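# Structure assessment
Listed below are the residues making up each chain.
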Amino acid sequence: AVGEVAAHAGERELFYSAGKGGKVRRWGSGLRPCGTIDLREPLASLTDAWGRPLLFRGDAPSIRSVSVDSNGRLLLGTAAGEVCVLAPSTGQLSLLAQGHSARRGAHWPGRLQALATHPSKPIAATAGAEGALRLWSLSSHCLLAVRPLPAAASCAAFSSAQGSLAAGDIVD
């Protein structure tokens, strides 16, 4: 299933498509296939500030939106709330933004449930109803790490003494 198609900024006869399978396809004039880039492996290789995987889900990303910038790079929006930048010529992929989103069906809405700030460092933690805990840098305004939780989160707090982080889940 194709999410969206975008024309390449520099070439009138070059188009890109993407969808649920985590693949970006390039098309030439007359919609002639010109190649495919599988994003599953590059996305799995993205790491946080400590070298741990940044994306923790194992399925192929569902790409909902494709746009081409003036330098020929693709901006890809996923159903899970990521915005990635892909250089089609090299296959280099980087994560531009990531947020909380609905990923596990209708009873897992994509909303922020908890927010906490570190008592002495410029760090914030957020937890979402989709079951993810994220650490953010307040000085560089970027995502530092994301970890899966066993269930939807309802609260998060840093310890004032040691700065340890705790997150609680919703229990039925």
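As the structure is a computational prediction, the values presented were derived from the model and not from experiment. (Residues numbered from 1 in each chain as written. Predicted model: local features only at pLDDT ≥ 70, side-chain atom pairs only at ≥ 80, totals over all residues. Heavy atoms only, no water.)

### As for the overall build of the chain
Selection criterion: By the criteria applied, helices consist of DSSP H or I runs no shorter than four residues and strands consist of E runs no shorter than two, each listed in order from the N terminus. Remark: exposure states derive from per-residue accessible area (1.4 Å probe, protein chains only) relative to the maximum for the residue type, with buried under 20%, exposed over 50%, and partly exposed in between. Only the protein chains shown count as covering a residue, and every accessible area follows the Shrake-Rupley method with a 1.4 Å probe.
The number of helices and strands found in the chain is one helix and 14 strands. Counting across all 172 residues of the chain, residues that qualify as buried make up 38%. A total of about 9,500 Å² of accessible surface is found on the chain, and carbon and sulfur atoms cover 53% of it.

### Things to note about the sheet that holds strand 7 (residues 82–87)
Short version of the rule: Any two strands between which DSSP finds at least two bridges are classified as paired. All axes are obtained by fitting lines to C-alpha atoms, using only the stretch in contact for helices, and the reported angles, taken between N-to-C directions, cover 0 to 180 degrees.
Across the sheet, four strands lie side by side as 5-6-7-8; this open sheet has antiparallel pairing. Each edge of the sheet is formed by a strand with only one pairing partner; in this case those strands are strand 5 (63–68) and strand 8 (92–98). Along the sheet, successive strands turn relative to each other by an average axial angle of 25°, direction set aside. When strand 6 (residues 74–78) meets strand 7, the two strands line up antiparallel, connected through four bridges. Note that in strand 7 the partner of Gly-77 across the bridge is Val-83.

### Concerning the environment of Ala-157
Formally: Residues are treated as being in contact if the distance between any of their heavy atoms lies within 4.5 Å.
By the element assignment, Ala-157 lies in strand 13 (residues 153–158). For Ala-157, a relative accessible area of 40% puts it in the partly exposed group. Along the sequence, Ala-157 and Gly-168 sit eleven residues apart, while their C-alpha atoms lie 9.0 Å from each other. Discounting chain neighbours no more than four positions away, the residues touching Ala-157 are Ala-116, Ser-164, Leu-165 and Ala-166.

### Comments concerning the pairing of strand 6
A regular strand places its side chains on the two faces of the sheet in alternate fashion. For strand 6, the buried fraction is high: four of the five residues fall into the buried class. Bridge analysis of strand 5 against strand 6 gives five bridges, and the strand direction is antiparallel. By the bridge assignment for strand 6, Ser-65 is matched with Gly-77.

### Regarding the side chain of Ser-17
Under the convention used in this document: Pairs of N or O atoms within 3.5 Å make up the polar contacts considered here, provided that, within protein, one atom can donate a hydrogen while the other can accept it, and that residues adjacent in sequence are counted only when both atoms are side-chain atoms.
Relative to the helices and strands, Ser-17 is located in strand 2 (residues 15–19). By relative accessible area, which is 6% here, Ser-17 ends up buried. Engagement of the side chain of Ser-17 in a polar contact is seen with the side chain of Trp-27, the distance being 2.8 Å.

### Topic: the confidence of the model for the chain
Quick reminder of the rule: pLDDT: the predictor's confidence for each residue, scored from 0 to 100.
Here the chain averages 75 in pLDDT, and 75% of its residues register 70 or above. Within the chain, strand 1 (residues 2–7) has the poorest average pLDDT of any element, 50, and strand 4 (residues 33–38) the best, 88.

### Notes on the nonpolar core
Threshold: The set of buried Ala, Val, Leu, Ile, Met, Phe, Trp, Tyr and Cys residues whose side-chain atoms join them within 4.5 Å is what this entry labels a nonpolar core.
Counting residues in hydrophobic clusters, the biggest one holds 15 residues, and the most contacted among them are Val-24, Leu-39, Leu-74 and Leu-76. The element best represented in this core is strand 5, accounting for three residues. Excluding residues within four positions of it along the chain, Leu-74 makes contact with Tyr-16, Val-24, Val-66, Ser-67, Val-68, Cys-84, Val-85, Leu-86 and Pro-88. Residues Ala-114, Ala-127, Ala-156 and Phe-158 belong to the second largest nonpolar core, which totals nine residues.

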